[in-house]
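Here is how the chains run, residue by residue.
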Amino acid sequence: MSADHALLQVTGLTKSYGQRMGCADVSFDLYPGEVMGIVGESGSGKSTLLNCLAGHLPPDTGSVGFHMRDGTVRDTVRMSEPERRMLGRTDWAFVHQHAVDGLRMNVSAGGNVGERLMAVGARHYGDIRSAAVDWLGRVEIAEDRIDDRPRQFSGGMQQRLQIARNLVTGPRLVFMDEPTGGLDVSVQARLLDLLRGLVREMGLSAIIVTHDLAVVRLLADRLMVMKDGHVVETGLTDQVLDDPQHAYTQLLVSSVLQV
Amino acid sequence: MISVQDVAKRFVLHNQGSTVIPVMQGASLDVAPGECVALVGASGAGKSTLMRMIYGNYTVASGSIRVGEVDVATAPPRDILALRRHTLGYVSQFLRVVPRVPTLDVVAEPLLSVGATGQDARARARDLLAQLNIPERLWSLSPTTFSGGEQQRVNIARGFAHAYPAMLLDEPTASLDATNRAVVLGLIQDAKARGAAIIGIFHDAEARAAVCDREVDVSTFTPRAAA
């Protein structure tokens, strides 16, 4: 768990949409067990960066080295599509901002969770079903809803189901795009605790894009602040929030309403 | 164990006319294992600022801050995270936790993150909560609803759960009654006895006299009115 190699090595990642800059020359290392938050206003390029990292968007230049289970480091930008999809089913998980992008809306809740398990080879129906029940419980979805379809769920429940579906296979790296955006604050707290526990027990690494500074303070070890496609500040989460150096970060932190 | 050498600090307020506020210069102090040093000085002299710099919570403009083998002033986040997990504890004045997590788990967490088993970590947490007179019926509840004094004691229990070789204590005895203050001072004595290097801020002169070996006046590090 305390392995001394980076799980993810990002170098010079750039993506532009014509004249407009998505993200520019982003580089960082992420180690096993680390949670990194990416914050910035809408349009700052944080979702573009996340999608490039997760292989959903091809970057213009740059590389994303991923430390595979066999010990080799592979550039996921240049690997074949089937290989990347395999990673997406096993070692990677992606929690979308909108649950409909991450769920199969015509499959039952239990099926949504079980499908990820079957994709990595689980075949025993009883095991799959009990894993599904366990995970639905962890995200506070009642067991008697297991056969309902996500369409019949509230927005918050859909989001919780998406998280269960993603984490059931024990991925090593989780990408999250505004994961707590649609959730009740009460469930949000429960999920934050759940994620912290998983990080500790499984050595899980995560990259979380959000604009909620309270969420990153509780969840992220490190923080990256983006503006207009550029990374303007990085550091320990509490250091960036308590002693921000860049003008934009100072503005961001001082603009938070106190509860 | 803790060595601060010629440290300077200033705040630059970019959105308020780029005002530069120099708050510290030439700060130096050393703390040996088993020693407890009190930071003293008037309110605003920079006691908490210095402590936050040692913890890596504030950046350092120049100078070095060595805690064990790590120079906090220049170390990458990853090294500071490891330092905080294993070596450097910090009892702040305020408890900041994920809502809805039971008190027992809040206190046990630092031990779990250094690899203790759940059983051992909870046993230690129970022992500390009992010592600090937190009623057992509260252990399964989240501390976010507790009184100020109870929260502070939970914070102290959490801070002392793991036997850190270096510790920073920001007003650990403020707003505690005599009984609990004595318990906290006992915990500090125990930590010293096992060789922890401690830096503390104590407004309570009696508490300071009871556990601190010497005082460092932080106001000598305050830059003279910058023109």
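Keep in mind the model is a prediction, meaning the values are calculated, not measured.

Trainee: Is there a simple way to explain the overall build of chain A in this structure?
Mentor: Within chain A, the secondary structure is distributed over ten helices and ten strands. For 259 residues, the compact-globule formula gives about 18 Å, and the C-alpha radius of gyration of chain A, at 18 Å, lands near that figure. Taking the principal axes of the C-alpha coordinates as reference, chain A spans close to 55 × 45 × 40 Å. Relative to its full complement of 259 residues, chain A shows a buried share of 53%. Put simply, of all contacts in chain A between residues at least 6 apart along the chain, 66% involve residues at least 24 apart.

Trainee: Honestly, unusual backbone geometry in this entry has me stumped. Any pointers?
Mentor: Note: most residues except glycine have negative phi, and most peptide bonds are trans. With a phi angle near 50°, Asp25 of chain A is a residue other than glycine that sits in the positive phi range. Considering the arrangement of structural elements, one finds Asp25 of chain A in strand E2 (residues 20–30). Overall, the relative accessible area of 55% leaves Asp25 of chain A in the exposed class. The phi dihedral of Ser18 of chain B is positive, around 50°, even though this residue is not glycine. By the secondary structure assignment, Ser18 of chain B is in the loop between strand E1 (2–13) and strand E2 (19–31).

Trainee: Just to check I follow, could you spell out the environment of Arg84 of chain A for this structure?
Mentor: All names here are of chain A. Along the chain, Arg84 turns up in helix H2 (residues 81–89). For the pair Arg84 and Leu7, spaced 77 residues apart in the sequence, the C-alpha separation amounts to 16 Å. With near-sequence residues (within four places) excluded, Arg84 lies in contact with Gly55, Thr76, Val77 and Met79.

Trainee: Is there a simple way to explain the sheet that holds strand E4 (residues 62–67) of chain B in this structure?
Mentor: Where strands meet in a sheet, backbone hydrogen bonds hold them as pairs that are either parallel or antiparallel. All names here are of chain B. One open sheet holds the four strands; their spatial order is E2-E1-E4-E5, and the pairing between them is antiparallel. Both edges of this open sheet fall to E2 and strand E5 (70–71), since each of them pairs with a single strand only. Pairing between E1 and E2: nine bridges, direction antiparallel. Bridging from a neighbouring strand, Ile2 pairs with Val31 of E2. This element, helix H1 (residues 47–55), spans E1, E2 and E4 of the sheet and lies at about 110° to E1.

Trainee: I'm lost on the pairing of strand E1 (residues 8–17) of chain A in this one. Help?
Mentor: A regular strand carries its side chains on alternate faces of the sheet. Residue and element names in this part refer to chain A. Alignment of E1 against strand E4 (residues 61–67), held across five bridges, turns out to be antiparallel. Of the residues in E4, the one forming a bridge with Thr14 is Thr61. Pairing geometry for E1 and E2, over seven bridges, is antiparallel. Following the sheet pairing, Leu8 is matched in E2 by Leu30. Here E1 folds back onto E2, and the loop between the two strands holds two residues, one of which, Gly18, carries a positive phi near 60°.

Trainee: Explain the environment of Phe160 of chain B here, please?
Mentor: Residue and element names in this part refer to chain B. As for its placement among the helices and strands, Phe160 is situated in helix H5 (residues 148–161). Overall, the relative accessible area of 5% leaves Phe160 in the buried class. Along the backbone, Phe160 and Pro110 are 50 residues apart, and their C-alpha atoms lie at a distance of 9.1 Å. Residues in contact with Phe160, not counting those within four places in the same chain, are Val91, Arg124, Leu128, Met167, Leu169, Leu187, Ile188 and Ala191.

Trainee: Quick question: what am I supposed to make of the interface of chain B and chain A here?
Mentor: How big an interface is tends to be stated in terms of accessible area lost as the parts join. Contacts between chain B and chain A engage 25 residues on the former and 27 residues on the latter. Contact with chain A buries area across many residues of chain B, yet Arg78, Val98 and Arg100 of chain B alone supply 27% of it, more than any other trio. Across the contact surface, chain B and chain A share four salt bridges. Between chain B and chain A we count eleven residue pairs in polar contact (both at pLDDT 80 or more) in total. Per-element tally for the side of chain B that touches chain A: the top contributor is helix H2 (residues 77–86) of chain B, with five residues.

Trainee: Can you walk me through the packing of helix H4 (residues 109–119) of chain A against helix H6 (residues 155–167) of chain A in this structure?
Mentor: All names here are of chain A. Two elements in contact, H4 and H6, have axes separated by 7 Å at closest approach and are oriented at 25°. In terms of axis orientation, H4 runs roughly parallel to H6. As H4 runs across H6, the sense of the crossing is right-handed. When H4 is examined against H6, the residues Ala109, Asn112, Val113, Glu115 and Arg116 are found in contact with a partner set consisting of Leu161, Ala164, Arg165 and Asn166. Of the residues in the contact of H4 with H6, the class split is four nonpolar, two polar and three charged.

Trainee: Got a minute to help me understand the packing of aromatic side chains in this structure?
Mentor: Aromatic rings considered in pairs are described by the distance between their centres and by the relative angle of their planes. In total, this model carries five aromatic pairs over all chains according to the counting rule given. Between Tyr55 of chain B and Tyr90 of chain B the ring centres are 4.7 Å apart and the planes differ by 40°, which places this aromatic pair in the tilted class. Here the residue Tyr55 of chain B occupies a position in helix H1, and Tyr90 of chain B occupies one in strand E6 (residues 88–91), the gap between them amounting to 35 residues. Using a relative accessible area of 15% as the deciding quantity, one classes Tyr55 of chain B as buried. Of the aromatic side chains, those joined through ring pairs into one cluster are Phe66, Trp92, Phe94 and Phe175 of chain A. Directly above the ring of Tyr31 of chain A sits Arg78 of chain B, whose terminal nitrogen or CZ lies 3.6 Å from the centroid.

Trainee: Any chance you could explain helix H6 (residues 178–193) of chain B here in plain terms?
Mentor: Side chains that are three or four residues apart share a direction in an α-helix, a result of its 3.6 residues per turn. Residues and elements named next belong to chain B. Its 16 residues place the ends of H6 22 Å apart at the C-alpha level, agreeing with the 22 Å of an ideal helix rising 1.5 Å per residue. Where H6 is concerned, the buried positions are Asn180, Val183, Val184, Leu185, Leu187, Ile188, Ala191 and Lys192. Residues of H6 that are buried make contact with strand E3 (36–40), helix H4 (118–131), H5, strand E7 (166–170), strand E8 (197–201) and helix H7 (205–211). Just downstream of H6, Gly195 is the residue with a positive phi angle, here 100°.

Rules used in this analysis
As a convention, each chain's residues are numbered from 1 in the sequence order in which they are written. Just so you know, chain letters begin at A and ligand numbers begin at 1, following the order they were written in. This being a predicted model, a pLDDT of at least 70 is required before a residue's local features are given, and a value of 80 or more before pairs of side-chain atoms are given or counted; all residues contribute to the totals for chains, interfaces and linings. The side-chain quantities take in all heavy atoms of the structure and omit both hydrogens and water. Counting from the N terminus, the helices are the DSSP runs of H or I reaching at least four residues and the strands are the DSSP runs of E reaching at least two. All radius of gyration figures rest on C-alpha atoms, and the globule criterion is 2.2 Å times the number of residues raised to 0.38. Exposed residues in this analysis have more than 50% of their type's maximum accessible area, buried residues have under 20%, and partly exposed residues fall in between, with area computed by a 1.4 Å probe over protein chains only. Only heavy atoms enter the contact rule, under which two residues are in contact if any of them lie within 4.5 Å. Note on pairing: DSSP must find at least two bridges between two strands before they are called paired. To obtain each axis, a line is fitted to C-alpha atoms, and for helices this fit is confined to the stretch in contact; angles are then taken between N-to-C directions over 0 to 180 degrees. Accessible surface is computed with a 1.4 Å probe, and the buried area is the amount of it that two parts give up when combined, taken over both parts together. Whenever a carboxyl oxygen of Asp or Glu lies within 4 Å of a side-chain nitrogen of Lys or Arg, that contact is scored as a salt bridge. Here a polar contact means two N or O atoms within 3.5 Å. Within protein one must be a hydrogen donor candidate and the other an acceptor candidate, and residues neighboring in sequence count only if both atoms are side-chain atoms. The cut-offs work like this: below 35 degrees is roughly parallel, past 145 is roughly antiparallel, 65 to 115 is roughly perpendicular, and the gaps in between are oblique. Handedness of a crossing is defined here by the sense of rotation of the near helix relative to the far one, left-handed for an anticlockwise turn of less than a right angle and right-handed for a clockwise turn. Three categories are distinguished: nonpolar for Ala, Val, Leu, Ile, Met, Phe, Trp, Tyr, Cys and Pro, charged for Asp, Glu, Lys and Arg, and polar for the others, with Gly belonging to the last. Two rings from Phe, Tyr or Trp (for Trp, the six-membered ring) form a pair when their centres are within 6.5 Å of each other. A pair whose planes differ by under 30 degrees is stacked, one over 60 is edge-to-face, and the rest are tilted. Here, a charge over a ring means that NZ of Lys or CZ of Arg falls within 6 Å of the ring centre while also lying within 35 degrees of the ring normal. Expected helix span is taken as 1.5 Å per residue step, with the number of steps being one fewer than the number of residues.

Everything listed is a geometric property; what it means functionally is a separate question.
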